[in-house]
Amino acid sequence: MNKAVNKITLLNDPEMTSLSPLPSEDVWLENARTKSTETARYYKTDLLQFKEYFSIKNPEQYREITAKHITQWKLALQYGPGYKIADKIPKDTPKLIGNGAVARKLSSVSSLFTFYCSVGAMKANPFKVISRPSVDNHI
């Protein structure tokens, strides 16, 4: 009789494939405070805006965010909540905020998701596939 043996290896070890608990955003914000005061302030306000948009009440909800959600948030930042991803936006539609502010907000919140990935609390950062608006730095 040949019984299959379920040998635990690093590739199938449940501890290696499970996600760590999501730490509070405060842990990430503490790290942001080691950057400039202005950067830390932007991180906090951008995160609060993101949480409000998605009605995020606890860190576990970040795992539900997909690239499609982020694309919708980006669109709402640029043109308002009335537009959806599939909408054709007329070329003469004014932007609510500039490309630089949108890019910064995406970068700020992406930093939180990168932090969560680095501590093993998320498998991937959905912000990595989001295009950032071009910013003209030669003004």
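Structure first, text after, so check above.
Residues numbered from 1 in each chain as written. Predicted model: local features only at pLDDT ≥ 70, side-chain atom pairs only at ≥ 80, totals over all residues. Heavy atoms only, no water.

Draft legend 1. A look at the pattern of salt bridges. By the definition in use, this model includes four salt bridges. The partner of Lys51 in a salt bridge is Glu25, with the nearest N and O atoms 3.1 Å apart. Of this pair, Lys51 sits in helix H3 (residues 37-54) while Glu25 sits in helix H2 (residues 25-32), placing them 26 residues apart in sequence. Glu25 gets classed as buried once you look at its relative accessible area, which sits at 10%. Note that Lys105 and Asp46 form a salt bridge whose closest N and O atoms lie 3.2 Å from each other. Here Asp46 lies in helix H3 and Lys105 lies in helix H5 (residues 99-118), a separation of 59 residues in the sequence. (Salt bridge = Lys/Arg side-chain N within 4 Å of Asp/Glu carboxyl O. Helix = DSSP H or I, 4+ residues; strand = E, 2+ residues; numbered from the N terminus. Buried < 20%, exposed > 50% of the residue type's maximum accessible area, 1.4 Å probe, protein only.)

Draft legend 2. Representation of the side chain of Asp46 in the model. Owing to a relative accessible area of 0%, Asp46 belongs among the buried residues under this scheme. Side-chain polar atoms of Asp46 contact the side chain of Ser108, separated by 2.8 Å. If we ignore the near neighbours within four places in the chain, the residues touching Asp46 are Trp73, Arg104, Lys105, Ser108 and Val109. (Polar contact = N/O pair within 3.5 Å; in protein donor to acceptor, adjacent residues only side chain to side chain. Contact = heavy atoms within 4.5 Å.)

Draft legend 3. Quick peek at the nonpolar core. With 25 residues, the main nonpolar core has Phe50, Tyr62, Trp73, Phe113, Tyr116 and Phe127 as its most contacted residues. Among the elements of the structure, H2, H3, helix H4 (67-79) and H5 are those that each provide at least two residues to this core. Among the elements that take part in this core, H5 stands out by supplying seven residues, more than any other. The contacts of Phe127, once residues within four sequence positions are left out, are Phe50, Ile70, Trp73, Leu106, Val109, Ser110, Phe113 and Arg132. (Core = buried A, V, L, I, M, F, W, Y, C linked by side-chain atoms within 4.5 Å.)

Draft legend 4. Main features of the packing of aromatic side chains. Within this structure, the stated rule accounts for 11 aromatic pairs. Judged by centre distance (5.7 Å) and plane angle (80°), the ring pair of Tyr62 and Phe113 falls under edge-to-face. One end of the pair, Tyr62, is in the loop between H3 and H4; the other, Phe113, is in helix H5, with 51 residues separating them in the sequence. Here Tyr62 falls in the buried class, since its relative accessible area comes to 0%. Residue class for Phe113 comes out buried when judged on its relative accessible area of 0%. Pairwise contacts between aromatic rings join Phe50, Tyr53, Phe54, Tyr62, Trp73, Phe113, Phe115, Tyr116 and Phe127 into one cluster. Just above the ring of Tyr42 sits the side chain of Arg41; from NZ or CZ to the centre is 5.0 Å. A cation over a ring is seen here: Arg104 above Tyr42, with NZ or CZ 3.9 Å from the ring centre. (Phe/Tyr/Trp six-rings, centres within 6.5 Å; stacked < 30°, edge-to-face > 60°. Lys NZ or Arg CZ within 6 Å of the ring centre and 35° of its normal.)

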